[in-house]
Amino acid sequence: MTDTAILKNVSFRYANGDTGALDHLDLTIKQGECVLLCGSSGCGKTTVTRLLNGLIPHYYEGTLDGEVSVMGKNICDTPIEDLAGIVGSVFQNPRSQFFCVDTTAEIAFGCENMGLSETEIQNRIDKTVADMRIEKLLNRSIFNLSGGEKQKIACAGVAAMLPELIVLDEPTSNLDLDAINELRDIIRRWKAQGKTIVIAEHRLGWLSGSCDRVIYMENGSISAVFTGEAFFSLPEEKLSSMGLRAVLTAKNYLESKTGLTQIKLFEGNEKITLNGFVYGYGKQEVLHISELAIPKGAVIAVVGHNGAGKSTFTKCLCGLQNRFKGTVNINGKTYRSRDMVRLSYMVMQDVNHQLFAETVLEEVMLGADDPSEQTALNILQKLHISEYKERHPMSLSGGQKQRAAIASALLAGKKLLVFDEPTSGLDHRSMECTAELLRSLDKDITVLIVTHDMELIDRCCTHILHIENGGIESGCIGNGAI
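Let us look at the structure shown here. (Residues numbered from 1 in each chain as written. Predicted model: local features only at pLDDT ≥ 70, side-chain atom pairs only at ≥ 80, totals over all residues. Heavy atoms only, no water.)

With that out of the way, let us pick up the pairing of strand β18 (residues 416-420). Of all 5 residues in β18, 5 are buried, a share of seventy percent or more. Burial of the side chains of β18 extends over both faces: L416, V418 and D420 are buried on one face and L417 and F419 on the other. Both strand β17 (residues 344-347) and β18 contribute to a ladder of 4 bridges, which runs parallel. Its bridge partner lying in β18, Y345 is registered against L417. Where β18 meets strand β19 (residues 446-450), 5 bridges bridge the pair, whose relative direction is parallel. The partner of V418 across the bridge, within β19, is L448. Assessed by its sense of winding, the connection that carries the chain from β18 through helix α15 (residues 428-439) to β19 is right-handed. (Buried < 20%, exposed > 50% of the residue type's maximum accessible area, 1.4 Å probe, protein only. Helix = DSSP H or I, 4+ residues; strand = E, 2+ residues; numbered from the N terminus. Pairing = 2+ DSSP bridges. Right-handed = clockwise from strand over helix to strand, strands pointing away.)

Below you can see the structure in the form of structure tokens.
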């Protein structure tokens, strides 16, 4: 078995970071291996993937020592465009890798850059689309896709290029459980084709039976190496002590009926009533909820399959969709879209659009209702990012950025908080801390969480709002737990 990638005594420090991202790391990846990189947020997983696909040093600036080679090519001496046909990448945020405005063109884009014939490109698209079961996503606007649907298109674009090495960074962060199972099948198919696969991931259970080796990282170094079989046999207590998510997933709330259902004891009686929540993109109606009463002060998980209309629903609720005509009634007063912008705070899937300040501390205090610096520091400490208070927000890892955005929301003083996939990219400890903070909020603050994270739901949510095909069966609270 030959070597696909070799990292020899590699150290790397980002130009805008004050600590080393990697520290004297040695790693050899064999041809045809499926390797999982895991560890707490900020441990260096993503940095390894950026070395493998050439983004370091050709895009991300910093100080690199040691040797990195992929398929016999030294990444420092190889232009990044020459790596494109060798290494395929799927990023945590698929928007960052899109070049086209429609889905079919995006899948074809990489093949076109490789100079393939039109016939060959079409054949590859047809096979990839059939393998991934994404026929319904063809000829769609990229801008009208859900986060999970965008991730599927990113995977399809890579699969169509048939690279030898495929690198995935948090590929399931926005996928529902069905889509994760489909991705698992695709990865197993790639593996059967002899592809080498490297996956940096926090959600672990779906990879059981697929990984040959698991690399556990801490503070930029490899702390432990397991066979796939040995790793997925570790008890939950051991994984938790390592800062990792459980292998076995919690209850699948997507199996519940659509509608609003109470799942935990809740004492509030006041309601927030939503009326006329109808919205469409062009001629395609994607949301049609005529009336819905949600309990004030609850922590509500908004669940549904990818493309169900969850993100559109929450954007309408926060007044962020143009031409939306629906209304919200709170304590007998009616609020329109422009009013809800002032009453609510939303943390989006892509938090890069919400980071503006020069330091993390300045960022979380930017729109704070309480201007106390100590209050901000307390929140940062609870989210385990106080040590980065003087760092630029854009220099943080994906999970650390997510926690900074969550801190901003908690300090905003709004009575309606909406989080769209708040635990994407978060490790076990960070997810637990986020859940604890959401549980501890004042009872007059209503929280809606769009999520596929069943562990998060178990830990902090009082209700489930299940949306499918843009609608729900009932606006009533169910009787008892599901």
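Here we come to helix α5 (residues 118-132). Since there are 3.6 residues in each turn of an α-helix, residues three or four apart along the chain are aligned in direction. When the terminal C-alpha atoms of α5 are compared, their 21 Å separation across 15 residues agrees well with the 21 Å that a helix rising 1.5 Å per residue should span. Among all positions in α5, only I121, R124, I125, T128, V129 and M132 are buried. Projection of α5 onto a plane perpendicular to its axis shows the buried side chains occupying an angular sector of 125°, all on one side. At its buried positions, α5 is contacted by α4 (103-113), α6 (147-161) and α7 (177-192). Taken from the residues just after α5, R133 is the one with a positive phi, measuring 55°. (Expected span 1.5 Å × (residues − 1). Arc of directions from axis to C-beta. Contact = heavy atoms within 4.5 Å.)

If you look at the biggest cluster of nonpolar residues, it comprises 92 residues, and the most contacted ones within it are F231 and F419. When residues in this core are grouped by element, the largest group, 8 residues, is from α6. When near neighbours in sequence (up to four residues on either side) are disregarded, F419 contacts V347, I406, A409, L410, L438, V447, L448, I449 and V450. (Core = buried A, V, L, I, M, F, W, Y, C linked by side-chain atoms within 4.5 Å.)

Across all of its chains, the model carries 14 salt bridges by this definition. Among the ionic pairs, E455 bridges to R245, the shortest N-O distance being 3.0 Å. Pair noted here: E455 is in helix α16 (residues 454-460) and R245 is in the loop between α9 (236-241) and β11 (259-262), with a separation of 210 residues, a long-range link. Summarising the burial analysis for this pair, E455 and R245 share the class buried. The partner of R459 in a salt bridge is E432, and the shortest N-O contact between them spans 2.8 Å. Here R459, found in helix α16, pairs with E432, found in helix α15; they are 27 residues apart in sequence, far enough to count as distant. For R459, a relative accessible area of 22% corresponds to the partly exposed category. Given the relative accessible area of 26%, E432 is considered partly exposed. Here the residues in one salt-bridge network are R245, D453 and E455, joined through shared partners. (Salt bridge = Lys/Arg side-chain N within 4 Å of Asp/Glu carboxyl O.)

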